[in-house]
Amino acid sequence: MFWKFDLNNTSHIDQLLDREGVTLRELMEEEDVLQECKAQNRKLLLFLSKDHCMQELVTLITEEPPADLEEKTRFKFPNIACELLTSDVALINDKLGGDESLLEKLYHFLEQEPPLNPLLASFFSKTIGNLIARKTDQVISFLRKKHNFISLVLNHIDASAMMDLLLRLISCVEPAPLRMEVLNWLNEERLIQRLTELMHTGRDEERQSNASQTLCDIIRLSRDQANQLSEVTEPDPLLAVLESQENVAELLKNMFEGERTEASVVNGTQVLLTLLESRRSGLEGLMDLYSQGCERSYTVNSSILCAIEPHLKDFQQLLLNPPTRSAILTTVGVLEQPLGSARLHVARLVASLLQTCDLSICQEICRLNTMDLLLDLFFKYSWNNFLHLQVELCVASILNHSENLIPLFQHCRLVQRILDAWEENDKNQAEGGRRRGNMGHLTRIANTVVQNLEKGLAHSQMNDLIKELPEDCRGRWESFVGETLRETNRRNTVDLVSTHNLHSSSEDDDMESPFPNDLSIQQAFSDYQIQQMTANFVDQFGFNDEEFSEHDENINAAFDRIAEINFNIDANAAAFEACCKERIQQFDDCEEEEDIWDEKEINYATQIKSRSRYSTWMICLRKYNLLFGVSLSSDSSPKSAVRNGGRGRGSASEEEDVEEEASPQQPASAQAQSECYNITHNSESFR
């Protein structure tokens, strides 16, 4: 709309283009050059698509700007050039994708020695990625002719932009037959094997990290695209290599060969976890398995498990002898020997392997006493909740295996550890210490044991194992379950905020409100908050026309709701009337009416006092309405409001101000505040 109604029909860009000898740099200095380009300004596009302009734009994004320029303006023109080249304008895409000299100039950027400038690398990756999506045939054909393309990209894999470029080649090529050709080409270039080689312990950590992330993304992208394709096609060659036993074995060899560094262990384990992960993503999937048992386990390619099983002993050694780390300062003190990312990733791997329910894997983990080590770490690092979650998932998985229960209860002494840790925590808290950070997960583990004892898949065998415990331990466990754990669960299920109505009065806490609790207004407001802002939102908002037509037919329709209000205060009528009498003098109907035409002295103080009392009444009545949900019309008087509230006294003709003497030491406004407080306070006592 801004451009449509702009009175200035000729932009400054057009004026520059009309000038003879205008340069590309002059146009790029204009603030609206990108908007004009995306708005398909014909003059500008014809100028930008000229050979010398396209050459200069490509040069800007592939060559380092002079180092003597000011830092904040040094990459200004390269950034604008990248935005112009990737503005998704057909004329520029056709020119860049169809001119092989421009593609050669772009490709020359990869032939530089590492490291690349990360900003220029991002400009290059974005430009090539846009061409892959828009000019797929031309660009893929050009790249396939370059036999060293994959080698050059992997040579610069330390730049994350190169990782993005590889992923675009895999995910942005359409249609499906052409995508399969690209995947076969990448497979012929041994892309997966080359990325796996970069995971070797002797490689640079940045290269290891980017190679690991690339492999993980390829796994997820390939699986997602395979699930989305409705027609049956040939399998993804890259995913087939990734899931092969040979490639997984090579990955594990690179992780453990030579000096075991934390980077190689972490990056390699991330790839294994991605291969093992279920189709359900994130914590939700893990907790779904935890809550519903082993019958909801997911299928994993057996070749992956076969490759991992011989190396479980290597992961066991990592738990015993992790890569050396220096002490760190935490909020609970100095940690001389931190847990470290390596051991945390091993715990994650063990949890994922147990969730596959593969019998051979589970038996090997039990044989190596891996769970015993993880429980040791659970209690040693009492403030590492990342570790606690993984150990909890491990215990939940084992409790669904009758074959693996005996080591957990006998060798790992799970029940005794729970009891001892709980008693130590209680003792520590009794001495003024803080509650340990693993008590929440310990509670969940104890509840899992109890639930499986009652209705688990192996509850009979578990009950037999509990009976085999020493008598004193069995007694402690029964007492713990029946008293301590039950009380803990009760406290944990208490609402943090009470759902009952809150009131300010400390008196009559047990008195129930005599008025109905109408939640229709709150529900209407809640519905208003959650409705979506759609195109017909304005038409749907508010009342329907039918509602107004019904009210037009019946003049009393507006007062129907008032008539429905149930003022059931018979039990408290006397108390309410007594409360009102404390502040309101009774009207004497027999009192002689004052002649309004008599001359009398004007007393401004009395008027101020009356207005103040009237304002006080209106404030108090508003509070009364909020308390009891009573709706008053705009012309309701204070006395009529009292009558509606249950007084049943007085006539409609009474319009005199109620006279009341104020204390000499108390000004009118202060007395008004006092009256308002007393009436409101007394009214709240009836809630």
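Residues numbered from 1 in each chain as written. Predicted model: local features only at pLDDT ≥ 70, side-chain atom pairs only at ≥ 80, totals over all residues. Heavy atoms only, no water.

On to the pattern of salt bridges. The full count for this structure, using the stated rule, is 25 salt bridges. Measuring nitrogen to oxygen at the nearest pair gives 2.8 Å for the salt bridge that ties R19 to E26. For E26, a relative accessible area of 30% gives the class partly exposed. Here the salt bridges share partners, and the residues they tie into one network are D372, D376 and R417. (Salt bridge = Lys/Arg side-chain N within 4 Å of Asp/Glu carboxyl O. Buried < 20%, exposed > 50% of the residue type's maximum accessible area, 1.4 Å probe, protein only.)

Okay, helix α25 (residues 370-380) next. Counting buried positions along α25 yields 8 of 11 residues, so the element is predominantly enclosed. Where α25 is concerned, the buried positions are T370, M371, D372, L373, L374, L375, L377 and F378. (Helix = DSSP H or I, 4+ residues; strand = E, 2+ residues; numbered from the N terminus.)

With that out of the way, let us pick up the nonpolar core. Within the largest apolar cluster, 158 residues are counted, with the highest numbers of intra-cluster contacts made by F149 and F409. Looking at which element gives the most residues to this core, the answer is helix α23 (residues 340-355), with 9 residues. (Core = buried A, V, L, I, M, F, W, Y, C linked by side-chain atoms within 4.5 Å.)

As a further point, take the confidence of the model for the protein. Looking at the protein as a whole, the pLDDT averages 78, with 67% of positions reaching at least 70. Ranking the helices and strands of the protein by mean pLDDT puts α25 first, with 96, and helix α38 (residues 638-647) last, with 42. Every residue in residues 289-297 scores below 50 in pLDDT, and together they form 20 contacts with partners more than four places removed in sequence or on other chains. In the model, residues 547-559 has pLDDT below 50 throughout and makes 2 contacts with residues more than four positions away in sequence or in other chains. (pLDDT = per-residue confidence, 0-100. Contact = heavy atoms within 4.5 Å.)

A separate point is the packing of aromatic side chains. In total, this model carries 8 aromatic pairs according to the counting rule given. Judged by centre distance (6.1 Å) and plane angle (15°), the rings of F149 and W185 are stacked. Of this pair, F149 sits in helix α12 (residues 149-155) while W185 sits in helix α14 (residues 176-188), and the two are 36 residues apart along the sequence. Across this residue pair, the class does not change: F149 and W185 are buried. Connected via pairs of aromatic rings, a cluster forms that spans Y107, F142, F149 and W185. Over the aromatic face of F77 sits the side chain of R25, whose NZ or CZ is 4.7 Å from the ring centroid. In this structure, K76 is placed above the aromatic ring of F77, and the distance from its NZ or CZ to the ring centre is 5.7 Å. (Phe/Tyr/Trp six-rings, centres within 6.5 Å; stacked < 30°, edge-to-face > 60°. Lys NZ or Arg CZ within 6 Å of the ring centre and 35° of its normal.)

A separate point is the packing of helix α22 (residues 312-320) against α25. It is the contact of α22 with α25, at a shortest axis distance of 11 Å, that shows an interaxial angle of 25°. By the angle between their directions, the pair α22 and α25 is classed as roughly parallel. Of the two elements, α22 crosses α25, and the hand of that crossing is left-handed. Along the contact surface, α22 presents Q316, L319 and L320, while α25 presents T370, L373, L374 and L377. (Axes fitted to C-alpha atoms, helices over the stretch in contact; angles between N-to-C directions. Parallel < 35°, antiparallel > 145°, perpendicular 65-115°, else oblique. Left-handed = near helix turned anticlockwise from the far one by under 90°.)

On to the packing of helix α19 (residues 262-276) against α23. Running from N to C, α19 and α23 point in directions that differ by 20°, and their axes come no closer than 9 Å. As far as their axial angle goes, α23 and α19 are roughly parallel. α23 is crossed by α19, and the crossing has left-handed handedness. Facing α19, whose interface residues are E262, V265, V266, T269, Q270, L272, L273 and L276, α23 presents G340, S341, A342, H345, R348, L349, S352 and L353. Along the lines of polarity and charge, the residues of the contact of α19 with α23 split into 8 nonpolar, 6 polar and 2 charged. (Nonpolar A, V, L, I, M, F, W, Y, C, P; charged D, E, K, R; others polar.)

In this section: unusual backbone geometry. Of note, the bond from P114 into P115 is cis; its omega dihedral lies within 30 degrees of zero at 0°. Residue P175 is bonded to the preceding E174 through a cis peptide linkage, with omega at 0°. Relative to the assigned elements, P175 resides in the loop between α13 (160-171) and α14. Not every positive phi belongs to a glycine, and N369 is a case in point at roughly 60°. Residue position: N369 is located in the loop between α24 (359-367) and α25. Residue N369 is classed as partly exposed on the basis of its relative accessible area of 30%. A positive phi is found at R413, a non-glycine position, where the angle reads about 55°. Relative to the helices and strands, R413 is located in the loop between α27 (405-411) and α28 (414-430).

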